[in-house]
Amino acid sequence: MSVPMLLLLLGGGLLYVLLDWKQLQQSNRITRWLCYSLYGFAMIIWVVEMRVPGKLAVFVWIQRSLEPLSPFLRS
Amino acid sequence: MERISRRQLVLLGAGYMFDATLISLPSQMIETAHQDAWMGYPIALVVVIGAMWLFIQTVKRFPEQNLLEALTERIPRLGRVIITLGMLFYFMIFVRDLRMVVDFINIALLPRTPLYVIGLLILLSIVPFVRSGIEVLARVNFLFFAVLVLAVLTIPLMTLKEFNPEEFKPVLEEGLIPGLKSAWLAFPYLGEVLVLPFLFSTRRLSFKTSVTACLLGTGLLLLLIVLNITVVGVEISSRFTYPNHELIRQIRLTDFLDRFDLIIVSIWLPAVICKIGLSLYILSSGIHQILPRVTRQLLVAPLGFLGLACSFAFFHNAIEPTHLTYVWPIVTLFYFVVVPALLYLFVHPKKKAMSK
């Protein structure tokens, strides 16, 4: 992923934060911090994915760890 | 109180089964079971209906409540653990579907548009109607899925010229094993319909409604796989990543309408967006149930962004979601067989509530 693409995605996230800003400020602390932490977590994943592509391939881990249990695999 | 008709519920359930399953699963089923691949759907459906019966019987014990509400009220701590595990599972479905749709659009329609832009555009369209609630979601799905059903039902008429029933033969050449393997692959996708009891109480969702949704969704999938086998052929279908897209590309109505696939895809796309939206809805509802003070509507956008980030980080490429199909049934056995059975056996209302 390129830097402009990352900025585009960050912009998309920021757009929703701005649109929801008033409601977020009026909502309780748990909602506010849960929303901010979900956005933050998403951004961390984007940045990690940009710097080290394929590092967080969770489904590949799941696939490799479950392969011995599967009754058959792709022929 | 949100009002959803029985017909909307049926289409919501059938759409949740059908919309993402048709993307690439038929290719893997045909690759595994060849001409007997179609048997996979009816066999898997029997197990799914059994699991649905267990869920509906459990929810029936708690009138006016859906499964999320019943679990948090009856077994507050363990119930929240079960809901968290369920949310994790539906988050994975959300992530996988989003990635599969983004890859499909990129490969089949917009090869020069970056994947991230397609993903962002899908997300920007999903968030507003998921925020509006299940009623809006059901109505949007009703509009598009009903048209999609009609479109799918017209495909056999338009491919009649290429229809070759000889492709079914030899039936059961290697016994029942290929059919069972095909059912193993189809089971997790058909089982996704088990989301319904988590969202609706038995006042709205009856067993009959759930079975109707299952039959409609599976019937349409069965029709498509039969057409894949008889029109496109076993050898060719098993080599395509998107066999149903190739099937529709066979249709050429007249000289001026040689891209009929674009019309079908333009009907299917809003329907699959509704499916992804329903996954996002159940995620936000589940978190709201675990943490009741959290406002559900505000969670939709951040959860969507997290899902979008994960959909690109969790897979290396467009082929990996299809490879996952071979091991995914092991994960789903826990959610679609063990959990319904345990809830049916152990979750009962308190005796005082029962006597009232």
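Preceding this section is the structure that the text describes.
The notes below deal with the structure included here. What you see is a predicted model, and the numbers here were worked out from it, not measured in a lab.

### Points about the interface of chain B and chain A
- Tallying the contact residues gives 30 residues for chain B and 38 residues for chain A.
- Those elements giving two or more residues to the side of chain B that touches chain A turn out to be α6 (115-131), α8 (177-190), α14 (296-313) and α15 (320-324) of chain B.
- The residue inventory of the side of chain B that touches chain A, partitioned by class, reads 24 nonpolar, three polar and three charged.

### Some words on the packing of helix α4 (residues 67-74) of chain B against helix α13 (residues 260-290) of chain B
Residue and element names in this part refer to chain B.
- It is at 10 Å that the axes of α4 and α13 come closest, and there the two elements cross at 20 degrees. When the axes of α4 and α13 are compared, the pair comes out roughly parallel. As α4 runs across α13, the sense of the crossing is right-handed. Across the interface between the two elements, Leu68, Glu69 and Thr72 of α4 pack against Ser285, Gly286 and Gln289 of α13.
- Split by residue class, the contact of α4 with α13 holds one nonpolar, four polar and one charged.

### Describing the packing of helix α5 (residues 76-109) of chain B against α6(B)
All names here are of chain B.
- Where α5 contacts α6, the axes come no closer than 9 Å and their chain directions differ by 120 degrees. Classified by the angle between their axes, α5 and α6 sit oblique to one another. As for how α5 packs across α6, the hand of that crossing is right-handed. Contacts from Leu98, Val101, Val102, Ile105 and Asn106 of α5 reach α6 at Leu115, Ile118, Gly119 and Ile122.
- Grouping the constituent residues of the contact of α5 with α6 by class yields seven nonpolar, two polar and no charged.

### Re the environment of B:Leu98
Residue and element names in this part refer to chain B.
- With respect to the helices and strands, the residue leucine 98 is situated in helix α5.
- For leucine 98, a count of 27 C-beta atoms within 10 Å puts it in the buried group.
- Through-space distance from the C-alpha of leucine 98 to that of isoleucine 122 is 8.4 Å; in sequence the pair is 24 residues apart.
- Not counting residues up to four positions away in its chain, the partners in contact with leucine 98 are Gly119, Ile122, Ile276, Gly307, Leu308 and Ser311.

Rules behind the numbers
- Residues numbered from 1 in each chain as written.
- Chains lettered and ligands numbered in written order.
- Predicted model: local features only at pLDDT ≥ 70, side-chain atom pairs only at ≥ 80, totals over all residues.
- Contact = placed C-beta atoms within 7 Å.
- Helix = DSSP H or I, 4+ residues; strand = E, 2+ residues; numbered from the N terminus.
- Nonpolar A, V, L, I, M, F, W, Y, C, P; charged D, E, K, R; others polar.
- Axes fitted to C-alpha atoms, helices over the stretch in contact; angles between N-to-C directions.
- Parallel < 35°, antiparallel > 145°, perpendicular 65-115°, else oblique.
- Left-handed = near helix turned anticlockwise from the far one by under 90°.
- Buried ≥ 20, exposed ≤ 12 C-beta atoms within 10 Å, placed from the backbone.

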